[in-house]
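# Architecture and fold: a report
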Amino acid sequence: MSAPLSPARAIGLVARREFLTQVAKKSFVISNVIILLAIVGGIVAYSLFSGGDDERATIGLVGDQSLAPALVATGDAVGTPVDVVPTTDEQAARDEVGNGDLDVALIPGTNGSVTAVTESEIGSGLRTVIDAAVVQQAQSGALAAQGVDPAQLAEATGRAVVTVDALDPPDPEKGQRVALSIAVVVLLYMQIMMFGMYVAMGVVEEKSSRVVELLLSTLRPLQLLWGKVIGIGAVGLVQLTAYGVVGVAAGLATGVLTVTGTAIGVLAGTLGWFVLGFAFFAVLYAAAGSMVSRQEDVNATASPLMVLIVIMFFSAFSSVSNPDGTLSNVLSWIPPFSAILMPLRIAAGVASPVQVVVTVALMLAVTAALSVLAAKIYQRSILRIGKVVSWKEALGR
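Calculation criteria
- Residues numbered from 1 in each chain as written.
- Predicted model: local features only at pLDDT ≥ 70, side-chain atom pairs only at ≥ 80, totals over all residues.
- Heavy atoms only, no water.
- Phe/Tyr/Trp six-rings, centres within 6.5 Å; stacked < 30°, edge-to-face > 60°.
- Helix = DSSP H or I, 4+ residues; strand = E, 2+ residues; numbered from the N terminus.
- Buried < 20%, exposed > 50% of the residue type's maximum accessible area, 1.4 Å probe, protein only.
- Core = buried A, V, L, I, M, F, W, Y, C linked by side-chain atoms within 4.5 Å.

Going by what an unreviewed UniProt entry lists, the chain is known as ABC transporter permease and is assigned to Rhodococcus jostii.

Written out as structure tokens, the structure is:
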């Protein structure tokens, strides 16, 4: 007579079966290959068509080219770089503006004035460059007429500078942090919802086919429950890791992401919080699945969990623009909201180490308590075939 399985061995066998069953499905493999290709393609397309900050305006300068150095220097100084194309034919310059080869054509006038020829209007940045360069040249000419060397004057006054001391300096990584926050919220929402439902559907399938009766002749209900949760959770973790690694790698390779340390830290935090969030909901989804005998009835018992996940998603999404606001700060301490709000706060760089540690401990404690409750519901309901077991019946003594 064979020795009984140890609890760890029993849970491991169930988890292995669930994992291999899920990853062996052709639909799982094909859908994930398509999603990974879509992630890479989307990031590459964004890097190609988003338009970079290095795009330079082209200015055609007719006749005297003494204004050209001032245009180039001013453009570089104000962050609107320009290329100056010399030309001697005013009409040719106008034609090039008309066909889009030039953004602006400058035609010198009297007393240092110029006429700017454009297709429709001049952007504010380019207009600032032109105005400043024309004024600078006019001032230099006036100083030279008065016998003042503009170079010496610039050297004498160049020591007077303004030093900016910002109390709340802008974060150069803010745009990328916001993008990472949105990606984290959407991915966690989809993964927790989808794989939680996988757990419930798997429980119902075993119950309706009476396979669970054979399994329970060898395994305890709690071992079967945790084996299923761990096995399906491992599939979700592998899938999420693949999405994150490919997305971050493609973003860094194309230059869309430049915050390497932040991106890797956000990926690691997202994976960790997925494990916590999934464990929280998976035990409840398993309990919800054990209360019905048909897969079409799962929504009847799982709907409270779906509603809670949707509320979590919208609360997190509304906090993306203000991750350090009161709503985000308060809800991030409360399980299970912390599972989706804490990764958002980590991505935004506003989560303190103390908050991370405390919220992780709270999630673990609440999940452990819920797993005991879910195990009781599972044990009371898994062998009851027929009508749907209500939450009241399942929770009754």
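Alright, that's what it looks like, and here's the rest.
Now for the packing of aromatic side chains. A full pass over the atoms with the stated rule returns six aromatic pairs. Consider the rings of Tyr189 and Phe313, whose centres lie 4.4 Å apart with planes at 35 degrees: the pair is tilted. Of this pair, Tyr189 sits in helix α7 (residues 174–208) while Phe313 is found in helix α11 (residues 298–317), placing the two residues 124 residues apart along the sequence. Using a relative accessible area of 22% as the deciding quantity, one classes Tyr189 as partly exposed. On the accessibility criterion, Phe313 (15% relative accessible area) is buried. Here a set of aromatic residues connected by ring pairs shows up, and it is made of Tyr189, Phe313, Phe314 and Phe317.

Counting residues in hydrophobic clusters, the biggest one holds 70 residues, and the most contacted among them are Phe278 and Tyr285. Only α1 (7–23), α7, α9 (221–254), α10 (260–290), α11, α13 (338–348) and α14 (353–381) provide two or more residues apiece to this core. Looking at this core element by element, the count peaks at 17 residues for α10. In this structure, Ala70, Val104, Ile130 and Ala133 belong to the second largest nonpolar core, which totals 15 residues.

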